[in-house]
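# Working through the structure, step by step
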Amino acid sequence: MTGYSMTIDGSAVLGGATFGVVNPATGEVFEQAPECSREQLDGAMESAHKAYRDWRSDEAARRRALHAAGDALFAAAGDLAPVLTSEQGKPLSDANMEAFGAGVWFKYFADLEVPREVIQDDDNAFVEVLRRPLGVVAAITPWNYPLILASWKIAPALLAGNTMVLKPSPYTPLATLKLGELLAGVLPPGVLNVVSGGDDLGQWMTSHPTPRKISFTGSVATGKHVAASAAPDLKRVTLELGGNDPAILLDDVDPAAIASKLFWGAFQNNGQVCSAIKRVYVPEALYDDVVEALAEQARAVKVGDGTVEGNQLGPINNRPQFERVSELVADALAGGARAVTGGKAVDGPGYFYEPTILAGSTDGTRIVDEEQFGPALPVIAYRDLDDALERANATHFGLSGSVWSADGDRAAEVATRLECGTAWANTHLALQPNQPFGGSKWSGIGVENGPWGYYGFTELQVLHRAKQ
Ligand code: NAD
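Residues numbered from 1 in each chain as written. Predicted model: local features only at pLDDT ≥ 70, side-chain atom pairs only at ≥ 80, totals over all residues. Heavy atoms only, no water.

### Some thoughts on the domain arrangement of the chain
Domain boundaries in the chain define domain 1 (6-241 + 442-465) and domain 2 (245-432). Summarising the inter-unit geometry, the C-alpha centres of domain 1 and domain 2 are found 30 Å apart. Contact with domain 1, which involves 25 residues of that partner, is made by 29 residues of domain 2. Taking both partners together, domain 1 and domain 2 bury about 2100 Å²; carbon and sulfur atoms supply 58% of that area. Here domain 1 and domain 2 share 11 residue pairs in polar contact (both at pLDDT 80 or more) between them. (Domains from an automatic or database assignment. Contact = heavy atoms within 4.5 Å. Buried area = accessible area lost by both parts, 1.4 Å probe. Polar contact = N/O pair within 3.5 Å; in protein donor to acceptor, adjacent residues only side chain to side chain.)

Here it is, written out as structure tokens:
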């Protein structure tokens, strides 16, 4: 039995079967989630398709509904947070902020004004570029930020007049199912359907004939499958994929002054952030001081069950990811890196891992070249800035990156030489609703947020009216 339902056509729907959801703080199954059948997915698609006709026709009603959704999220953040903590692991305060942040995204899009684009209006012709909704959107999210990443999709897609079928990760379905129930109170039936199931369900969605657009957030490997699955009937895709963000420190930084920002740029959400700092490049002369400043931060962090007040980092979300981080750290250590802090799991149940600072790391080792997506940070020495930039850019990833300097202008100038979607100067992970976010190279196609994210849920139509 499960206390969680899917939302299909505005109604709470149980699956024919269920699957277990693990609390990463214990490693034990604590809840069941509905397993969506193919027939139920067809029903969700059909419902979204039917709802599209009316939903697309009344912009004022859509804006009112998005405002109401934002209010509902603000009011329910305190109820959603414990659910999110139990399935995801993050501390309750972070879970609260995530739920509240999702509300902020709804409010932003509810008020987003998109200017009319009349490109000619004279004696010959009136020409306007219109933005039209696409139809049903299939949205698929990962397990690191289930609520906020869902809001990045739902709010702009619905504002544009689309309807949606949303699937969260099988590791974290519960808070999103609750979100579906919550929003069923403010949206017409069928406008937002939330279904849960395994990776197969994602594949059924991307190959389903109904959606005209797929909005996907997840790993590069899955993103490529999604793109291939969308190709036969030319569905539009937005892909927000993995990253291997470099942070490059310039020779004038004060290690103590930036250590906290740098550390949290890497370890927020236990390092499980697509655009977290995943490797740090440091001038040789500053290397030991930077390593020690980061290690000091790592030693001071409280790791433990997210429901216990005061804990700053929870467990890694799931066993495969825990094993992957363990494996990449072991590989780094075998290759000659030194764990100045951490380097191993925390004894006891659950997927807890000690915050790990790896000195003596080099390009060409797995933890530097691949996306670790966990609480382990390699620090790499460099002698020549151009060489460091070249190494930072020598990757298929291109999500974001940052440059740090006592001189903000210099940091900004060097940051623009990073090949990535977001270049930060003296900060990292600064994200906001009006700022487009997306990756270059294998880190993605398209962007989310701001008007640019909204446009991704539309297609152009040119209205050209002759006047003679
Ligand atoms: P994942 O790719 O394994 O899974 C993501 C989602 O895709 C899940 O809902 C999963 O069930 C579904 N899925 C799996 N196989 C599928 C298939 N063949 N077809 C359709 N759907 C399928 O990713 P994950 O492990 O859940 O998340 C971690 C990854 O997500 C990391 O690489 C991280 O960098 C990335 N990420 C990117 C962003 C961004 O905005 N760029 C944000 C957060 C996470």
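### A word on the pattern of salt bridges
Applying the stated criterion to the full structure yields 24 salt bridges. Here Arg212 makes a salt bridge to Asp233, at a shortest N to O gap of 4.0 Å. Residue Arg212 is located in the loop between α6 (199-207) and β10 (213-217), and its partner Asp233 is located in the loop between α7 (220-230) and β11 (236-240); the two are separated by 21 residues in the primary sequence. Salt bridges sharing common partners tie together Arg324, Glu327, Arg366 and Glu370. (Salt bridge = Lys/Arg side-chain N within 4 Å of Asp/Glu carboxyl O. Helix = DSSP H or I, 4+ residues; strand = E, 2+ residues; numbered from the N terminus.)

### As for the environment of Ala99
Inspection of the secondary structure assignment puts Ala99 in helix α3 (residues 92-111). Once the C-alpha coordinates of Ala99 and Ala81 are considered, the two residues, 18 residues apart in sequence, prove to be 6.7 Å apart. Once residues within four sequence positions are removed from consideration, Ala99 is found in contact with Leu73, Ala77, Leu80 and Leu147.

### Focus: the site of the ligand
Taken together, 28 residues lie around the ligand, and Asp199, Ser219, Thr222, Leu241 and Glu371 are the ones closest in. Within the side chain of Ser219, an N or O atom sits 2.7 Å from an oxygen atom of the ligand. At 2.7 Å, a backbone N or O of Leu241 approaches a nitrogen atom of the ligand. Sorting the residues of the shell around the ligand by element identifies α6, β10 and α7 as the ones contributing at least two each. Within the shell around the ligand, the residues separate by chemical class into 13 nonpolar, 11 polar and 4 charged. Two domains each donate at least three residues to the shell around the ligand, and these are domain 1 (6-241 + 442-465) and domain 2 (245-432). (Near = heavy atom within 4 Å. Nonpolar A, V, L, I, M, F, W, Y, C, P; charged D, E, K, R; others polar.)

### Let's talk about unusual backbone geometry
Phi is positive for Asn269, close to 55°, though the residue is something other than glycine. Relative to the helices and strands, Asn269 is located in the loop between α8 (255-267) and β13 (277-283). If you check the backbone angles, Asn426 has positive phi at about 60° while not being a glycine. Within the element layout of this structure, Asn426 appears in the loop between β18 (422-425) and β19 (444-445). Relative accessible area serves as the criterion here: at 22%, Asn426 is assigned to the partly exposed category. (Buried < 20%, exposed > 50% of the residue type's maximum accessible area, 1.4 Å probe, protein only.)

### Remarks on the pairing of strand β17 (residues 400-404)
Counting buried positions over the 5 residues of β17 gives 5, a clear majority of the element. Alternating positions in β17 separate into two faces, Ser400, Ser402 and Trp404 on one and Gly401 and Val403 on the other, with burial throughout. With 3 bridges connecting them, strand β12 (residues 245-249) and β17 associate as parallel partners. By the bridge assignment, Leu249 is partnered in β17 with Trp404. Here 4 bridges tie β17 to β18, and the two strands are oriented parallel to one another. Considered in β18, the bridge of Ser400 is made with Thr422. Once you follow β17 into helix α13 (residues 408-415) and on to β18, the crossover reads as right-handed. (Pairing = 2+ DSSP bridges. Right-handed = clockwise from strand over helix to strand, strands pointing away.)

### Concerning the sheet that holds β17
The pairing of strands in a sheet comes from backbone hydrogen bonds and takes either a parallel or an antiparallel form. The mixed open sheet is built from 7 strands, whose spatial order is β14-β15-β16-β13-β12-β17-β18. The sheet is open, and its two edges are formed by β14 (338-341) and β18, each paired on a single side. Averaged over all pairs of adjacent strands, the angle between their axes in this sheet comes to 25°, without regard to strand direction. Pairing analysis gives 4 bridges linking β13 to strand β16 (residues 376-382), with the strands arranged parallel. Bridged to Tyr281 within β16 is Ile380. The sheet strands contacting helix α10 (residues 319-334) are β14, β15 (356-359) and β16, and the helix crosses β15 at an angle near 25°. (Axes fitted to C-alpha atoms, helices over the stretch in contact; angles between N-to-C directions.)

### A few points about α6
Residues Leu201, Gly202, Met205 and Thr206 constitute the buried set of α6. Along the long axis of α6, the arc covered by the buried residues comes to 135°, so they all point the same way. Of the surrounding secondary structure, the elements contacted by the buried residues of α6 are α1 (38-55), β7 (136-140), β8 (163-167), β10 and α7. (Arc of directions from axis to C-beta.)

### Here's the deal with the packing of helix α2 (residues 59-88) against α3
Contact geometry for α2 and α3: axes closest at 7 Å, N-to-C directions at 175°. Here α2 is positioned roughly antiparallel relative to α3, judged by the angle of their axes. Split into classes, the residues belonging to the contact of α2 with α3 amount to 18 nonpolar, 6 polar and 5 charged. (Parallel < 35°, antiparallel > 145°, perpendicular 65-115°, else oblique.)

### Let's talk about the sheet that holds strand β20 (residues 458-466)
Across the sheet, 3 strands lie side by side as β5-β6-β20; this open sheet has antiparallel pairing. A single partner strand is all that each edge strand has here, and the edge strands are β5 (117-121) and β20. Here the strands of the sheet are splayed against their neighbours by 20° on average, with no regard to which way each runs.

### Details of the packing of helix α4 (residues 146-159) against helix α5 (residues 174-184)
Packing of α4 against α5 leaves a shortest axis separation of 9 Å and a crossing angle of 45°. Taken together, the axis directions place α4 and α5 in an arrangement best described as oblique. The way α4 lies across α5 gives a crossing that is right-handed. Contact with α4, carried on its side by Pro146, Leu147, Ala150 and Ile154, involves Ala175, Thr176 and Leu179 of α5 and no other residues of that element. Within the contact of α4 with α5, the residues separate by chemical class into 6 nonpolar, 1 polar and no charged. (Left-handed = near helix turned anticlockwise from the far one by under 90°.)

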